[in-house]
Structures are given as structure tokens and as C-alpha cells.
Amino acid sequence: MDFHILNISDTHGGNRHGLMSPDTVLTTEGAEGKPFTFTPEMTPYQEWMWQDVYLWGIEQAIKMTAGRPVIVIHAGDVTHGNRFTESLVSSRMSHQIAIAVRALAELNRVKPVRFFLVHGTDVHVFGEGTAEEEVAERLRGVMGCEVAATPFGLLDIGGVKVDIAHHGPGPGVGWLQGNTARNYAKQHMMDEIFKLHRLPPDIYIRGHNHAYRYERVELDDGIVSHLILCPSFCSMNGYARAVTRSIPWITNGMVLIDIQGGMVTDVHPLTKTIDIREHFKVTI
Ligand SMILES: [Fe+2]
């Protein structure tokens, strides 16, 4: 069976660092008790992310999938939530949901056959997967396919097993990130074999770290799983600079997985990586 998985994650709708469409329309109170609609202003980074990363990625995905079935998996944090109030477009839950729905509706262009949303971190999604559940409900009227939200899912797509969750391996330190990711996948594969007495999933999809990582893990007896740590559609803020210990670059985008004959045959990062430092030329 041949198909594709298009993986997106951590879009953080409602934050000025997150993914937002220039066609977003929000409603608030206007004069004389009348509702007032407005389009929030985008930051230059949001414009770049929308045009050069997201729409570019969608175009690439349309070409590369060439009419084969596409399953979209959003690995969580569709909104930013209102626990952390810095840089919010709006702290109103309905506005954040509207921003997320408008942005993700663009994925209808890849003509998905199924659409899954994994619950993100509680503080970013108004607790207990509320944002993903709400966005899924709204997208049901937009996408030409079934849309489901889940805290933690195991998909069986024509015999190909895909384990989908938001939280995955720890971020690790630079040169250890691959080891951290591989050890995480190995532990989960062995848990599946020894605790649940069955073959591990073919693919593990995770978000949360706002970083891209792909690892193919083969156990001694030839059992193989693929771990995809999906990058974000979110720029760097002060918090991210602190937890990454000032990584000078950021990768944004999606990941397209090719599955042919029930096997993962290719993993394409539809991503862009940029230097995020402000460059100063000092002449003395
Ligand atoms: Fe996130």
C-alpha cells in the first residue's frame, strides 16, 4: 500500500511567534454594541513563515504526493494558550482557535484523506486537549475528510502502525540529540515487545521540542521503527532561547513521509533553517 503522511506540529496559533494566515478574521466588541471584525497584523517572521515555509511546503507536498493518499498528523500545540501572556495576538480562547483553524484549513490543498490532531501541552492548549478538540470540531466542516483529535493515538493504516503523541525524547545537548532520540525510540520499541508482546509501531511521531530529528532504529533481530521529531511553526522567544541555551539557528516546517509497499521508503523534511542572530558589523 502506497501513501504519505504529512506531519506538522507546534503551530502555536494566537502567539505572535506562531503560524497565522494573513486572511485571519477575528471578531470583538465594536462601537454602539455592534461586533467589530479585524485582521491581526503579522510580524515579519510570521509573514516569512507563512509564505516561504508553510505555503512553499504545501506546494512541495502537492508535487511530491502526486495524487497518492495523504494523511495529515498535527503533533500538538495548535494554540499558545493564555498561561504565558507575552507576545499574544489575543488571550481570548476563541481568537486563538480561529487563528489555528484558518491556518490549518490551508492544508485542505493537499487533499488529505484523514486528519489527526494530537493534544499538546496543557498550558498551551487551555488544558486537556481543549484547543485540539475545538480545532478538530471546526475543521470537520472545512476539510473534505474525517478529522479526529486524540491525546495519544496508535493508527493502523493498511497494516502500517503509527504511534502519535506530543511529548517525545528530551531535547538533549547538541551532539547527543541523535542518541537521546534513538534511545527513546529503542525503549518504546522494547516496551512494546516485552510488555505488550507485539511488534512495535513502524513510525513514532512526536512534537513538543520545536526541533527536527529523524532516526531509523533497527534492533538486533532486524525489527525497524522510524522516529520523526517534527519541527515547529514558531519562532524563538526568550523562553526558547533559555531552554536551548542560545542555539543560533531555528528550523521551521513540515515533514513528508513516503510509505510504499507498507514500508517507509523516504522521509523529506520540508523545512527551512535560518540564522536567528542579529548581525552587527562594527567598524572601528
Ligand atoms: Fe510547542
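Relevant structure appears above.
Now for a look at the structure at hand.

Attention now goes to the overall build of the protein. Along the protein, the regular secondary structure elements total five helices and 13 strands. When the backbone C-alpha atoms are referred to their principal axes, the protein occupies close to 70 × 60 × 35 Å. A buried classification covers 41% of the 284 residues belonging to the protein. A separation threshold of at least 6 residues defines the contact pool for the protein, and within that pool the share at least 24 residues apart is 72%.

We now examine the pairing of strand S1 (residues 3-8). Counting buried positions along S1 gives five out of six residues, so the element sits mostly inside the fold. As paired elements, S1 and strand S12 (residues 249-260) share five bridges and run antiparallel to each other. Residue pairing across strands places isoleucine 5 opposite isoleucine 257, the latter belonging to S12.

To continue, consider helix H4 (residues 177-194). The end-to-end C-alpha distance of H4 is 26 Å, a good match for the 26 Å that 18 residues give at a rise of 1.5 Å each. Buried within H4 we find Ala181, Tyr184, Ala185, His188 and Met189. Axial view of H4: buried residues confined to an arc of 130 degrees, hence all on one face. In H4, the exposed residues that point more than 90 degrees away from the buried face are Gln187, Asp191 and Phe194. Those residues of H4 hidden inside the fold are in contact with strand S9 (203-206), strand S10 (213-218) and strand S11 (224-229).

Further remarks concern the sheet that holds strand S5 (residues 114-118). Overall, mixed pairing links the six strands, which are arranged S6-S5-S4-S1-S12-S13 in an open sheet. Strands at the two margins of the open sheet, each flanked by one partner only, are strand S6 (146-150) and strand S13 (263-275). When the angles between neighbouring strand axes are averaged without regard to direction, this sheet yields 15 degrees. Bridge count for strand S4 (residues 70-74) against S5 is four bridges, and the pairing is parallel. Residue isoleucine 71 lies in a different strand from S5, and its bridge partner there is arginine 114. Against the sheet, helix H3 (residues 130-139) makes contact with S5 and S6, and its axis sits at roughly 175 degrees relative to S6, the strand it touches most.

Next up on the list: the sheet that holds strand S7 (residues 153-157). Taken in spatial order, the five strands of this open sheet run S7-S8-S9-S11-S10, and their pairing is mixed. This sheet does not close on itself; its edge strands, each paired only once, are S7 and S10. On average, each strand axis in the sheet is inclined to that of its neighbour by 20 degrees, with strand direction left out of account. By the bridge criterion, six bridges tie S10 to S11 in an arrangement that is antiparallel. Following the sheet pairing, valine 217 is matched in S11 by serine 225. Sheet contacts for H4: S9, S10 and S11; angle to S10, the most-contacted strand, approximately 50 degrees.

Thresholds applied
Residues numbered from 1 in each chain as written. Predicted model: local features only at pLDDT ≥ 70, side-chain atom pairs only at ≥ 80, totals over all residues. Helix = DSSP H or I, 4+ residues; strand = E, 2+ residues; numbered from the N terminus. Buried ≥ 20, exposed ≤ 12 C-beta atoms within 10 Å, placed from the backbone. Contact = placed C-beta atoms within 7 Å. Pairing = 2+ DSSP bridges. Expected span 1.5 Å × (residues − 1). Arc of directions from axis to C-beta. Axes fitted to C-alpha atoms, helices over the stretch in contact; angles between N-to-C directions.

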